[in-house]
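Understanding the architecture of this molecule
Each chain, written out:
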2 protein chains.
Amino acid sequence: MVDEFYISLAINEAWKYQGLTYPNPAVGCVITDKNGAILSISAHKKAGFAHAELEGVKEALAKLNPLLTFPQNPNELHAFILQNHQNLLKDSTFYVTLEPCSHQGLTPSCADLLCALHVRRVVIGTKDDTERAGGGSEKLKKAGIEVVIGICRQECEELLEPFLLWQKGRFSFFKLAMRLDGTYDDGIITSADSREFTHKLRDACDLIVIGGETLRIDKPVLDSRLINGKSPDVLICTKKEIDKNAPLFNIKNRKVIVQNSLDFPKEYKNIMIEGGSTLLQVFKDRVDWFLIFHSNFFSNKGKQNINFDLNLKLIHNSYIKNDRFAWYKKYTLQ
Amino acid sequence: MVDEFYISLAINEAWKYQGLTYPNPAVGCVITDKNGAILSISAHKKAGFAHAELEGVKEALAKLNPLLTFPQNPNELHAFILQNHQNLLKDSTFYVTLEPCSHQGLTPSCADLLCALHVRRVVIGTKDDTERAGGGSEKLKKAGIEVVIGICRQECEELLEPFLLWQKGRFSFFKLAMRLDGTYDDGIITSADSREFTHKLRDACDLIVIGGETLRIDKPVLDSRLINGKSPDVLICTKKEIDKNAPLFNIKNRKVIVQNSLDFPKEYKNIMIEGGSTLLQVFKDRVDWFLIFHSNFFSNKGKQNINFDLNLKLIHNSYIKNDRFAWYKKYTLQ
C-alpha cells in the first residue's frame, strides 16, 4: 500500500485522542516491519503518557517478543527499549503524523530512539516547527534513515491545529449535543459513554465556559467524576444575578469566574464552551472549533430554536457506540 | 495485526458501496502477502462488476506486476487472472466479509479462483447460507487452504442484512436529509457530492417512494441524471389528488403508482423512501433501515417539526466531504 494509506491510519488513531493531549499535540504512528507488515498503530493519549512513537515501539516489540515486560513510566520505558529492542525493529518503517521530537522534554527524544532502533524509513505528515522539539528529521537523516515529509500534509496540519493554537496562546472549542432530530433542550441527550468522553475533555481543559441559563436550569457540577479526573475552573458568562450556592461552586481547588464580558481570561489556554443554541450564537465567531454530538433518537418532547446562520467545515467524523460526533471549524472560502 | 483488524478494513471498504450492489451483497476483501503486508483493499461495487475477491486479486497483481493489463469484463478478468497470476499470490491471506461464492453465477466461483492462486489462508466474517452461492469454505478446505470463519461476525452480518432481506423478499430504507441544526424544509440541504450519492442509490433501487407533499412542493424528477443512471419506478403515497403533469410522470420506461395505502407493491425488492418528517412518521415502523444525512450548516430559515419518538441503532457512520451520513436500524432491546 502507498504511504498515504499508513499515514491515514495514523491520523485516524490520533483523532481518537484529540482534545485529550493538552498541552501536547495529538499524534499518531504506524510501524511496519521490513516486509511491509503492520506491527502497531498507536497514538499519544495524554500528557505524561508515552509519545505516539514510543507507544508504537512498545506495542510492536510486545508482538515480536511476547516475553518482554515493559515498565509503565515513559522515561523508564524509553530506557528499557534502548536496552532490550534486540534490533527487532531494524529496517522497519515509521509513519508519523508529526515529525518525531528532537529534544529531551518530559520524555527523551523520539528521533534519537528511532536512530537507535536502526529504522530504515520515516514518513512524516507535517514538520514540527516549534523551536523546542523541531529538527527531528535532520537527526534521522544524519543517521542514514530515509525521511519523507509532507504525506497527507493538510490532514496532519488540521490534526495539529489545537496544539499550534496553544503555542500561540489559546485553543477554544464549542461543544453542542443534539438529539438525532436536532433538538437539544435540557433532558438527557447522549449516552453514558459519550458523557464519559466529555469528562475526559473536561479533565484535559483548564477552563469550562457556560452561560447563566445553563447554571440556572441544569445546575451542573462540571467535574470529571466519571473518570476520576480534575474539576477545571469555570467561567460563567451572564448579565443576570446567579446563585452562588449552585453545586459547581462547592468544589475544592476550583476557581469560578462570573462575568458579563465574553472575553476569555488570558491565563487559560485550552477552553471548552459547553452550551446550547443561545450560547452558540453568542460564541460562534469567538471559538476555533466546534464539537457536535448527535445522539440516536428522535423525541416528541424535544425543543429546537436555532435561528442563525453558521457554515462549518467538517474536520473529523467519529462515533461512540450509538452517538455520532464530529469536529468542525468555521467554513471560510479558500 | 490480528485478523479482526484486516476484516474491519474489509468491512469499511464494503460499506462505501452499501445500497449500490443490489441484487448482490456488499462485500469487502483485504489481501495480505505471505509476509503479512497488505496488497489490496477492495469491495464489490455494483452488480455486473467484479466480486470483491476478484477485484482485490486484480489490484494486488497490478501492484506486484505493473506490466499486466487487465480486461474490464469480470468473466474475461477471471480467465485472464487464471492464466497470468504467475503464482504471485501464493501463500497470501484473504480476509473477506462473506464466504467466497462456490458457484458459477454471472461470474465464475471466487472459491475456485482462490484455490487456483494457492492462497494459504482465508479469513471469513460470515458464512454464505444461500443455497446457490454457499459452500465456498468447503471447497477451500479441500484444496488445503486454512479457513477461519466468524471474525467480526456481527458486523459482517449487519453489512449483509439488506442482501438477506432481498433474498427473503424485500429491503426498504428511509432516506432523510437534515441540516446540521436538524432542520429539513424544502431548501437545498446537502452538497452536490451527496446528491450524486443519492442518484447512485436511486440507480440501484427498483422503487422510490415519496409522499404527495413532496410531489406538490419539490416537483422532483427522481431520476439518476447526475450519474447517467436509470429512473426507477415511483410510488406516491397520498390521500389527495395530485398533478399528473408533474415532471416525474414524463419519464420513459417508468411506472408511477399513486395509492392511498402504505403497502409496498410485492414486485419491488429494493426500495428507498425519500421524504421529510411527515413521511418518516408514517413509515418509521415499516422500513428496515434509515439513512440519515446531516449537512454542514445551521440556517436561520430552517424549519423543524418532528414530534414523535424513534430510537435507532447506529450501524455505520460515514461522510461525503462536509456532509455526514449514517445507516441506522430500529433500536430493539437485545
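As the structure is a prediction and not an experimental result, all values here were calculated from the model. (Residues numbered from 1 in each chain as written. Chains lettered and ligands numbered in written order. Predicted model: local features only at pLDDT ≥ 70, side-chain atom pairs only at ≥ 80, totals over all residues. Heavy atoms only, no water.)

A few points about the pattern of salt bridges
Just so we agree on the cut-off: Salt bridges are counted wherever a side-chain nitrogen of Lys or Arg sits within 4 Å of a carboxyl oxygen of Asp or Glu. The numbering of helices and of strands both runs from the N terminus, where a helix is a DSSP run of H or I of at least 4 residues and a strand a run of E of at least 2. Residue exposure (1.4 Å probe, protein chains only): buried if accessible area is under 20% of the type maximum, exposed if over 50%, otherwise partly exposed.
Taken as a whole and assessed by the stated rule, the structure comprises 39 salt bridges over all chains. The salt bridge involving B:Arg202 is made with B:Glu274; its shortest N-O contact spans 2.7 Å. Here B:Glu274 lies in strand E10 (residues 270-274) and B:Arg202 lies in helix H7 (residues 192-204), a separation of 72 residues in the sequence. For B:Arg202, a relative accessible area of 9% puts it in the buried group. Each of A:Glu158, A:Glu161, A:Lys313 and A:Lys329 takes part in salt bridges that share partners, so that together they form one network.

A few points about the pairing of strand E7 (residues 207-211) of chain A
Residues and elements named next belong to chain A. Here is the rule: Two strands make a pair as long as DSSP finds a minimum of two bridges between them.
Counting buried residues in E7 gives 5 out of 5 residues, a clear majority hidden from the surface. Residues Leu207, Val209 and Gly211 of E7 are buried on one face, and the alternating residues Ile208 and Ile210, pointing to the opposite face, are buried as well. When E7 meets strand E8 (residues 233-237), the two strands line up parallel, connected through 5 bridges. Along E8, the bridge assignment pairs Gly211 with Cys237. Across 3 bridges, E7 lies against strand E10 (residues 270-274) in parallel orientation. Directly across from Val209, in E10, lies its bridge partner Ile273.

Some points on the relation of the copies chain B and chain A
These two copies of the chain differ by a rotation about an axis and a displacement along the same axis. Let me state the cut-off plainly: The least-squares superposition of copies is restricted to C-alpha atoms, and to residues with a pLDDT of at least 70 in both copies.
For these two chains of identical sequence, chain B goes onto chain A by a turn of 180 degrees and a shift of 0.0 Å along the axis, with RMSD 0.0 Å. The operation mapping one copy onto its partner corresponds to a two-fold rotation axis.

As for the sheet that holds E10(A)
The strand order E9(A)-E8(A)-E7(A)-E10(A)-E6(A)-E11(A)-E14(A)-E13(A)-E12(B) describes an open sheet built from 9 strands, whose pairing is mixed. Each edge of the open sheet is held by one strand with a lone partner, namely strand E9 (256-259) of chain A together with strand E12 (297-298) of chain B.

A look at the domain arrangement of chain A
It is common to give the size of an interface as the accessible area that goes away when the parts come together. Residues and elements named next belong to chain A. For the record, the criterion: Those domain boundaries reflect an automatic or database domain assignment. Contacts are assigned to residue pairs with any non-hydrogen atoms lying within 4.5 Å of each other. Joining two parts hides part of their accessible area as seen by a 1.4 Å probe, and the buried area is that hidden amount summed over both.
Domain parsing of chain A yields domain 1 (2-166) and domain 2 (171-330). On a C-alpha basis, the centroid separation for the pair domain 1 and domain 2 is 32 Å. With 14 residues of domain 1 at the interface, the matching set in domain 2 holds 16 residues. For the pair domain 1 and domain 2, the summed buried area comes to about 1400 Å², and 60% of that belongs to carbon and sulfur atoms.

Section: helix H2 (residues 52-64) of chain A
Note the cut-off: In this scheme, a helix's expected span is set at 1.5 Å multiplied by one less than its residue total.
Look at H2(A): 18 Å from first C-alpha to last across 13 residues, which is about the 18 Å you get at 1.5 Å a residue. Buried residues of H2(A): A:Ala52, A:Glu53, A:Leu54, A:Glu55, A:Gly56, A:Val57, A:Ala60 and A:Leu61, and no others.

Some words on the side chain of A:Asp223
Residue and element names in this part refer to chain A. Stated formally: Definition of a polar contact: a pair of N or O atoms within 3.5 Å, with one able to donate and the other able to accept a hydrogen when the atoms are protein atoms, and with sequence-neighbouring residues admitted only if both atoms are side-chain atoms.
You can see Asp223 is positioned in the loop between helix H8 (212-218) and E8. At a separation of 2.4 Å, a polar atom in the side chain of Asp223 contacts the side chain of Arg225. Leave out the neighbours within four places in its chain, and Asp223 touches His199, Arg202, Lys230, Ser231 and Arg254.

Some points on the packing of H2(A) against helix H3 (residues 74-84) of chain A
Between two packed helices, the angle of one axis relative to the other and the distance separating the axes together describe the packing. Residues and elements named next belong to chain A. Put simply, the rule reads: Axis definition: a line fit to C-alpha positions, over the contact stretch in the case of helices; interaxial angles, taken between N-to-C directions, run 0 to 180 degrees. Reported orientations rely on four angle classes, namely roughly parallel under 35 degrees, roughly antiparallel over 145, roughly perpendicular from 65 to 115, and oblique for the rest. Crossing chirality is assigned from the near helix's rotation relative to the far helix, an anticlockwise turn below a right angle marking it left-handed and a clockwise turn marking it right-handed.
At a minimum axis distance of 11 Å, the contact between H2 and H3 shows a crossing angle of 50 degrees. When the interaxial angle is binned, H2 and H3 end up oblique. By crossing handedness, the relation of H2 to H3 is classed as left-handed. Together, Leu54, Val57, Lys58 and Leu61 of H2 and Pro74, Leu77, His78 and Ile81 of H3 make up the contact between the two elements.

Quick look at the pairing of E8(A)
Across a regular strand the side chains alternate sides, sitting on one face of the sheet and then on the other. Residue and element names in this part refer to chain A. The condition is simple: For a crossover, the right-handed case is the one in which the path from the first strand over the helix to the second runs clockwise, viewed with the strands pointing away from the viewer.
Of all 5 residues that make up E8, 5 are buried, and the element is covered over most of its length. In E8, alternate side chains face the same way, and those of Asp233, Leu235 and Cys237 on one face and Val234 and Ile236 on the other are all buried. In the classification by handedness, the crossover that spans E7, the intervening H8 and the parallel E8 is right-handed.

A look at the packing of aromatic side chains
The description of two aromatic rings rests on the distance between their centres and on the angle between their planes. To keep things clear, this is the line we draw: Any Phe, Tyr or Trp ring, taking Trp's six-membered ring, that has another such ring centre within 6.5 Å forms a pair; planes under 30 degrees apart are called stacked, those over 60 apart edge-to-face, and the others tilted.
Scanning the entire structure with this criterion turns up 30 aromatic pairs over all chains. Among the aromatic residues, those joined into a cluster by ring pairs are A:Trp15, A:Tyr22, A:Trp166, A:Phe171, A:Phe173, A:Trp289 and A:Trp327.

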